[in-house]
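Observations on the three-dimensional arrangement
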Amino acid sequence: MAADASAQITELTMDDHACLTFGEAEELFDLTAAFVRDGLDAGLKVMWLSDAGPGPAVAELTRRGIAVEPAMAAGQMTADGCEGRLLAGQVFSAEAAIGWLTRQLASSCELGFPGLRIAVDMSWALRPVTGIEHLPEFEEGIATVLAGTTASVLCQYDRDRFDPVTLASVAAFHTRSVAAATYHADPVLRICRQYAPPGIRIAGEIDYQAEEALALALAEAVRLDGDITLNMAPLAFIDGFCTRMVADTAKMLSSSRTVILQCQPEVAAGFARLGLGGLSGVRLVTIGEQ
Amino acid sequence: MSSDPGLSPAPPGAGTAVLEQAFDRDSLYALRAAVAAHAAAAGLPRQQVYDVVTAAHELAANAVRHGAGHGQLRLWADGQLLHCQVSDDGQDGQDAPGPGVAWSREHGHGLWIIDQVADHVTLDHDNGGTTVIITFTISRPS
């Protein structure tokens, strides 16, 4: 089935074979954290084959509030690399990889899990690997294996490193395409949804000219359930106009839930000047603080 | 904001000019980058560099939004002081509300922020336009 439907990472369901494209590591880790979180919350077996390696992968998920280590200790979660699973040395075999996937489905059923979620960072395919021409065959095989099961696979492709031809060829085998909801993106500023913890992420420099995009992002963040994180850690500059927009939103929400503002000390000073430092319901977290 | 006459800016040209740059709506990012680089080179610590950039941006954005739509920024050092002058030559911006509104010190708005971060502010407004000079006492690391 062709990927003809864009979806939020939180909308994926059983037997989805989704294609996630990401532009930076933060986006990959954020979307993966949401995929893992929702899987663990549903009681599913969750696996992540990460290019970063098990240690950094677990650290990134943990940093986003996912209780990875207890889940790993309980056998509900694994974090591994692709070697020995999708790859044997520098050799890729679609048949062997599909065999590995089939065994994971069977194993999770035998262990009594109601379903399985596997996220696979496909960056290994960028390295010199024998048999890489069989990648489309592997993607097609995943769709066949997943049909009628309670398993889902999230294939993760770096949109800047994979060439458009490869992305187009593998996209056809996925049921869904997934990317972070983006409100604004240019070389100076990026505003996108953050999924784990829920909120928005603002990177670069922002001023009054981004009013419309910021207003939309804040409005959608307000509609999220529970506490909201406004991740401005990668934000190097915010002007008075946008500082007031963020502060007014935080003040509005602070009576009913907690708003967490993460930012550099210089940016935090601007929010503190507007009285957010000691406001109940607002946590102004300067980067480097715990 | 301080009214200490000792902080009154020396006339442009009295100190060492470190930056002269024109700006408009499309070049505010480049202006901020230039101000940050030159303020850091003048020896200001990180927080004060950010404060100078903030103040310069608010003045320039005010000129773009409520003044002529473009203007000129000049940055110069004079001993332990760093001065930043922003001038524009008119009130014909698209949403120009008149000088009283554009230069109000409403809480959280441009001039209010500048009052919070700068050590001295002078504002000169006439039919020829608006010129604002803000002054920072350079905080040297001890």
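Residues numbered from 1 in each chain as written. Chains lettered and ligands numbered in written order. Predicted model: local features only at pLDDT ≥ 70, side-chain atom pairs only at ≥ 80, totals over all residues.

A short note on the overall build of chain B
Defined as follows: Strands here mean DSSP runs of E at least two residues long; helices mean DSSP runs of H or I at least four residues long; both are numbered from the N terminus. Counts of 20 or more other C-beta atoms within 10 Å of a residue's own C-beta define buried residues, counts of 12 or fewer define exposed ones, and intermediate counts define partly exposed ones; C-beta atoms are placed from the backbone. For the purpose of contact definition, each residue receives a C-beta atom placed from its backbone, and two residues are in contact when these atoms lie within 7 Å.
When its secondary structure is counted, chain B shows four helices and five strands. Going residue by residue from the N terminus, the α and β elements of chain B occur as β-α-α-β-β-α-α-β-β. Taken across its 142 residues, chain B has 40% of its residues classed as buried. In chain B, of all internal contacts separated by at least 6 residues, the share reaching a separation of at least 24 is 68%.

Considering the overall build of chain A
Applicable threshold: In this treatment the radius of gyration is a C-alpha quantity, and the globule benchmark scales as 2.2 Å times the residue count to the 0.38 power.
Counting secondary structure elements, chain A contains nine helices and 16 strands. Computed over C-alpha atoms, the radius of gyration of chain A comes to 20 Å, within 12% of the 19 Å expected from 2.2 N^0.38 for 290 residues, which places it in the range of a compact globule. For chain A, the C-alpha atoms occupy an extent of roughly 60 × 40 × 30 Å along the three principal directions. Residue burial in chain A is summarised as follows: out of 290 residues, 44% are buried. Put simply, 74% of the contacts in chain A that link residues at least 6 apart link residues at least 24 apart.

Regarding the packing of helix H2 (residues 46–66) of chain B against helix H4 (residues 110–117) of chain B
Residues and elements named next belong to chain B. Put simply, the rule reads: Axis definition: a line fit to C-alpha positions, over the contact stretch in the case of helices; interaxial angles, taken between N-to-C directions, run 0 to 180 degrees. Any angle that falls under 35 degrees is termed roughly parallel, while one over 145 is termed roughly antiparallel, one within 65 to 115 roughly perpendicular, and all others oblique. In this scheme the crossing of two helices becomes right-handed for a clockwise turn of the near helix relative to the far one and left-handed for an anticlockwise turn of less than a right angle.
Relative orientation of the contacting elements H2 and H4 amounts to 155°, with a least axis distance of 9 Å. It follows that H2 is roughly antiparallel to H4 by the angle criterion. The handedness of the crossing between H2 and H4 comes out as left-handed. Contact residues: Asp51, Thr54, Ala55, Glu58, Ala61 and Asn62 in H2; Gly110, Ile113, Ile114 and Val117 in H4.

Some details on the nonpolar core
Here is the rule: Take the buried Ala, Val, Leu, Ile, Met, Phe, Trp, Tyr and Cys residues, join any whose C-beta atoms are within 7 Å, and the set you get is a nonpolar core.
Core analysis: the largest hydrophobic core is formed by 121 residues, its most contacted members being Leu31(A), Leu261(A), Val52(B), Ala56(B) and Ala60(B). Among the elements that line this core, the one with the most residues is H2(B), at 11 residues. Other than its neighbours up to four places away in sequence, Leu261(A) contacts Leu230(A), Met232(A), Ala250(A), Phe271(A), Leu276(A), Val282(A), Arg283(A), Leu284(A) and Val285(A).

What about the interface of chain A and chain B?
The following threshold applies: Nonpolar residues are Ala, Val, Leu, Ile, Met, Phe, Trp, Tyr, Cys and Pro. Charged residues are Asp, Glu, Lys and Arg, and all others, Gly as well, are polar.
Across the boundary between the two partners, chain A contributes 12 residues, which contact 15 residues of chain B. Broken down by secondary-structure element, the contributors of at least two residues to the side of chain A that touches chain B are helix H8 (240–253) and helix H9 (265–273) of chain A. The dominant element in the side of chain A that touches chain B, judged by the number of residues it contributes, is H9(A), at three residues. The class makeup of the residues in the side of chain A that touches chain B is five nonpolar, one polar and six charged.

Examining the environment of Gly270(A)
Residues and elements named next belong to chain A. Relative to the assigned elements, Gly270 resides in helix H9. A tally of 26 C-beta atoms within 10 Å means that Gly270 is categorised as buried. The spatial distance from the C-alpha of Gly270 to the C-alpha of Gly240 is 7.9 Å, given a sequence separation of 30 residues. Setting aside chain neighbours within four positions, we find Gly270 in contact with Ile238 and Thr243.

What to know about the domain arrangement of chain A
Where interface size is quoted, it is often the accessible area lost as the parts come together. Residues and elements named next belong to chain A. Note the cut-off: Each domain's extent was defined by an automatic or database domain assignment.
The assigned domain composition of chain A is domain 1 (6–178) and domain 2 (182–286). Of the residues lining the interface, 10 residues belong to domain 1; the matching set on domain 2 comes to four residues. Class assignment for the residues of the side of domain 1 that touches domain 2 results in five nonpolar, two polar and three charged.

Some thoughts on the sheet that holds strand S2 (residues 17–22) of chain A
All names here are of chain A. Going by this rule: Pairing between strands is defined by DSSP: at least two bridges between the two strands are required.
Taken together, seven strands build an open sheet; the order of strands is S1-S9-S2-S8-S7-S3-S4 and the sheet is parallel. For this open sheet the edge positions go to strand S1 (6–7) and strand S4 (77–80), each flanked by a neighbour on one side alone. Sheet analysis places strand S7 (residues 116–121) next to strand S8 (residues 151–158), joined by six bridges and oriented parallel. Looking across to S8, one finds that Val120 is bridged to Cys155.

A closer look at helix H5 (residues 135–146) of chain A
For an α-helix, the turn length of 3.6 residues means that residues three or four places apart are oriented alike. Residues and elements named next belong to chain A. Here is the rule: An expected span of 1.5 Å times one less than the residue number is assigned to each helix. When we speak of the arc, we mean the arc of directions from the helix axis to the C-beta atoms.
With 12 residues, H5 ought to run about 16 Å at 1.5 Å a step, and its terminal C-alpha atoms sit 17 Å apart, in line with that. By the burial criterion, the buried members of H5 are Leu135, Phe138, Glu139, Ile142 and Leu146. Projected onto a plane normal to the axis of H5, the buried residues spread over an arc of 100° and lie on a single side. On its buried side, H5 packs onto S2, helix H4 (94–110), S8 and helix H6 (164–171). Of the residues one or two after H5, Gly148 is the one with positive phi, at around 80°.

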